[in-house]
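Chain by chain, the residues run as shown.
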Number of protein chains: 2
Amino acid sequence: MSKYIFQRIPTHVGVIPDGNRRWAERNGMSKEKGYDYGIAPGFRLYEMCIEQGIQELTLYGFTQDNTKRPVIQRKAFQKACVDAVGTLANRDADLLVVGNTKSPMFPKELLPYTKERVRFGKGLIKVNFLVNYSWQWDLHQAISAINNGQVLKTGRNITDLIGSSQISRVDLMVRWGGRRRLSGFLPVQSIYSDFYVLEALWPDFKDVHFLDALRWYQKQDITLGG
Amino acid sequence: MSKYIFQRIPTHVGVIPDGNRRWAERNGMSKEKGYDYGIAPGFRLYEMCIEQGIQELTLYGFTQDNTKRPVIQRKAFQKACVDAVGTLANRDADLLVVGNTKSPMFPKELLPYTKERVRFGKGLIKVNFLVNYSWQWDLHQAISAINNGQVLKTGRNITDLIGSSQISRVDLMVRWGGRRRLSGFLPVQSIYSDFYVLEALWPDFKDVHFLDALRWYQKQDITLGG
C-alpha cells in the first residue's frame, strides 16, 4: 500500500455496502445468500482505512425499512451483522452500534455495544455500525429527549440530541451497487459529505474501488456550505 | 419537446444551481456578477418542468452559511432571489419561500410568500424557493415546536414539525457545478432522492442537461429504503 500516499485523507468515511442480493442472483444463488459474501469486503475495507490513517468508519448494517423484506432475508442480514461484530472483536477497533434497540428486529447480541463505544484490541479506528437504524428513529430521538424534559442549552443544537449523536460528521460517503442516493444514511452527518458511487456490487469489492474513491476525494474542495 | 416522452417522471425535482461564481471568474467577471446569469436558466428549467408534467420544483436560493461570504456577493444573491420571484409573479406557479425569516439576512420583499403558497397565474406547478435556508434551522423548528407546547400526535413524526414541512419528498435531485454533495439541501426530503450531478456550471445550463437527468431517472428503481 505504501505507493498510495494521499495528501488529504477523510477523517470519517461512511459506507453503503449495497448489492448483496443482486450479486447473489447473478451468481446463481438465492438472494439471502449474498449477505454472507459481504463480510469479508467489510474487513478488507476496515484494514485499508487503518492503513490510510482514517479515524472513523461508519457502515450501513441494515435499516428498519429493510426488515420488511422476506423473513429468510431478514434473518440472513441480522446474522451477518452479528457475525461481523464477532469477528471485529478479534481486531483493533472502538465499536459503537447505533439503531433502534427497542424493536424485536434488533439482534440482542449487539446490545452491549449500543450505549458507549467498546474497545477491541488497540482500538485503532472508530467503527460505527448502523443496525436496525432508521433516519426517522434517529431524528425522533431529539423530539423524545425534549419531551422527556431535556433542555437544549444555548449554543447546542438538534445534532446533540439525535439517536446518532455520538457519530461525527461524515467527510466521504462511498456507495457500492450503482445507486446514487443516501437511502436514509445519517441525514445529519451526511449533510456536507462528498458522495462517491461505484457501479460494482459490494461482494465484488476490490481495493482499487476504495483507492479510486480516496483519489477522487483529493480533488474535492471542502466548503462546509460556506 | 414532443419527442422527449418519459415513461416515469419524478413528481418533485430538487435543484442545486451551483457554479455561478466559478462561471463569472471563467468569463472574466468578478464573482458576484455570476448570480445575475443564474436567473434565466432557472426560468428555462421551470418551463421544462411544466412541459414534462413535473408537479413540484424546489430550488436552492441561498443558505445561512452562504451569507458569511463577502457583502458584495451576499447582496448580489439576495437581489437575484428577489428579482427571480418578481419575474415568477408573471408566470403560473404556486410559490412557497422557505427559510429563516427571523434573520436580517432574509430579504423582506419575500416575506409574503413564507406562510402559505401564493398562486401566480394558473398555478401550473408548485415552486419552493429556499431563501436564507439552513438545515439546522429546518430541523430545529421541530424542537422549537415541541418546546412551545406542540404535541406530536400518534402516527405523525418529526417531518410534520420541521421548518420545511410544507415541502414534499424530493424524487430527483439535480446539481450543476460538479460537486457531489447535498450541502444541506432539505435533509429530510432528500433521504430517498436519486442524485444526478452535472459538471456544467449553472449559468451554462442547457436543455440537454435536464433531459439527461430525466433520462437517467427512468432507469432508477425506486425502493424508498425497502
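None of the values given here were measured: they were computed from a predicted structure. (Residues numbered from 1 in each chain as written. Chains lettered and ligands numbered in written order. Predicted model: local features only at pLDDT ≥ 70, side-chain atom pairs only at ≥ 80, totals over all residues. Heavy atoms only, no water.)

1. Quick notes on the overall build of chain A
Regarding its fold elements, chain A presents five helices and seven strands. When its helices and strands are written in sequence order, chain A yields β-α-α-β-α-β-β-β-α-β-β-α. Computed over the C-alpha atoms, the radius of gyration of chain A is 17 Å, within 12% of the 17 Å expected from 2.2 N^0.38 for a compact globule of 226 residues. Taken along the three principal axes of its C-alpha coordinates, chain A extends 50 × 45 × 35 Å. (Helix = DSSP H or I, 4+ residues; strand = E, 2+ residues; numbered from the N terminus. Rg over C-alpha atoms; globule rule 2.2 N^0.38 Å.)

2. Concerning the relation of the copies chain B and chain A
Rotating chain B by 180° about the axis while translating it 0.0 Å along that axis superimposes it on chain A, leaving an RMSD of 0.0 Å. Classification of the inter-copy transformation places it as that of a two-fold axis. (Least-squares fit on C-alpha atoms with pLDDT ≥ 70 in both.)

3. Focus on the sheet that holds strand β4 (residues 118-120) of chain A
Residue and element names in this part refer to chain A. The seven strands are arranged β4-β3-β5-β2-β1-β6-β7 in an open sheet whose pairing can be described as mixed. The sheet is open, and its two borders are formed by β4 and β7 (194-197), each paired with just one other strand. Pairs of neighbouring strands in the sheet enclose a mean axial angle of 20°, with direction left out of account. Where strand β1 (residues 12-17) lies against strand β2 (residues 56-63), four bridges are found, and the strand directions are parallel. Looking across to β2, one finds that Val 13 is bridged to Leu 57. (Pairing = 2+ DSSP bridges. Axes fitted to C-alpha atoms, helices over the stretch in contact; angles between N-to-C directions.)

4. Comments concerning the interface of chain B and chain A
Accessible area lost upon the coming together of the parts serves often as the stated size of an interface. At the junction of the two partners, chain B supplies 39 residues and chain A supplies 39 residues. Looking at the side of chain B facing chain A, the largest losses of area belong to Arg180(B), Arg181(B) and Ile191(B), adding up to 21% of the total buried there. In this structure, the connection of chain B to chain A is made through two salt bridges. At the surface where chain B touches chain A, the tally comes to 12 residue pairs in polar contact (both at pLDDT 80 or more). Among the elements that take part in the side of chain B that touches chain A, helix α4 (residues 135-147) of chain B stands out by supplying eight residues, more than any other. Of the residues belonging to the side of chain B that touches chain A, the class tally is 17 nonpolar, 14 polar and eight charged. (Contact = heavy atoms within 4.5 Å. Buried area = accessible area lost by both parts, 1.4 Å probe. Salt bridge = Lys/Arg side-chain N within 4 Å of Asp/Glu carboxyl O. Polar contact = N/O pair within 3.5 Å; in protein donor to acceptor, adjacent residues only side chain to side chain. Nonpolar A, V, L, I, M, F, W, Y, C, P; charged D, E, K, R; others polar.)

5. Let's talk about the pattern of salt bridges
The tally for this structure, following the rule as stated, stands at 28 salt bridges over all chains. Residue Asp18(A) is joined to Arg179(A) by a salt bridge in which the shortest nitrogen-to-oxygen separation is 3.6 Å. Taken as a pair, Asp18(A) in the loop between β1 and α1 (20-26) and Arg179(A) in the loop between β6 (172-176) and β7 lie far apart in primary sequence, 161 residues in all. Each of the two residues, Asp18(A) as well as Arg179(A), counts as buried. In this structure, Glu47(B) engages Arg44(B) in a salt bridge whose closest nitrogen and oxygen atoms are separated by 3.1 Å. (Buried < 20%, exposed > 50% of the residue type's maximum accessible area, 1.4 Å probe, protein only.)

6. Section: the environment of Ala93(B)
Residues and elements named next belong to chain B. Checked against the element boundaries, Ala 93 lands in strand β3 (residues 93-98). Sequence separation between Ala 93 and Asn 128 is 35 residues; the distance between their C-alpha atoms is 9.7 Å. Residues contacting Ala 93, with those up to four places away along its chain left out, are Tyr 46, Leu 88, Val 118, Arg 119, Phe 120, Gly 123, Leu 124, Ile 125 and Val 127.

7. Concerning unusual backbone geometry
Residues and elements named next belong to chain B. Positive phi, close to 50°, is recorded for Asn 132, a residue that is not glycine. Within the secondary structure layout, Asn 132 lies in strand β5 (residues 125-133). Judged by its relative accessible area of 0%, Asn 132 is buried. The backbone of Ser 183 sits at a positive phi, close to 50°, despite the residue not being glycine.

8. Digging into the nonpolar core
For soluble globular proteins, nonpolar side chains are generally found buried alongside one another. Phe185(A) and Phe185(B) are the most contacted members of the largest nonpolar core, which has 56 residues in total. Elements supplying a minimum of two residues to this core: β3 (93-98), β5 (125-133), α4 (135-147) and β7 of chain A together with β3, β5, α4 and β7 (194-198) of chain B. Look past the residues within four positions of Phe185(A) in its chain and what remains in contact with it is Gly14(A), Val15(A), Ile16(A), Thr58(A), Leu59(A), Tyr60(A), Leu130(A), Val170(A), Met173(A) and Ser190(A). (Core = buried A, V, L, I, M, F, W, Y, C linked by side-chain atoms within 4.5 Å.)

9. Comments concerning the sheet that holds β5(B)
Residues and elements named next belong to chain B. Read across the sheet, seven strands follow the order β4-β3-β5-β2-β1-β6-β7 without closing on themselves; strand pairing throughout is mixed. Each edge of the sheet is formed by a strand with only one pairing partner; in this case those strands are β4 (118-120) and β7. Strand-to-strand, the axes of this sheet are offset by a mean angle of 20°, without reference to chain direction. Note: strand β1 (residues 12-17) against strand β6 (residues 172-176), five bridges, orientation parallel. Pairing of Pro 17 across the sheet is with Trp 176, part of β6.

10. Some words on the packing of aromatic side chains
Residue and element names in this part refer to chain B. Here the structure, examined in full by the defined rule, presents 24 aromatic pairs over all chains. Each ring, one from Trp 176 and one from Trp 202, has its centre 4.9 Å from the other, and the planes form 75°; the classification is edge-to-face. Of this pair, Trp 176 sits in strand β6 while Trp 202 is found in the loop between β7 and α5 (207-218), placing the two residues 26 residues apart along the sequence. The burial state of Trp 176 is the same as that of Trp 202; both residues are buried. (Phe/Tyr/Trp six-rings, centres within 6.5 Å; stacked < 30°, edge-to-face > 60°.)

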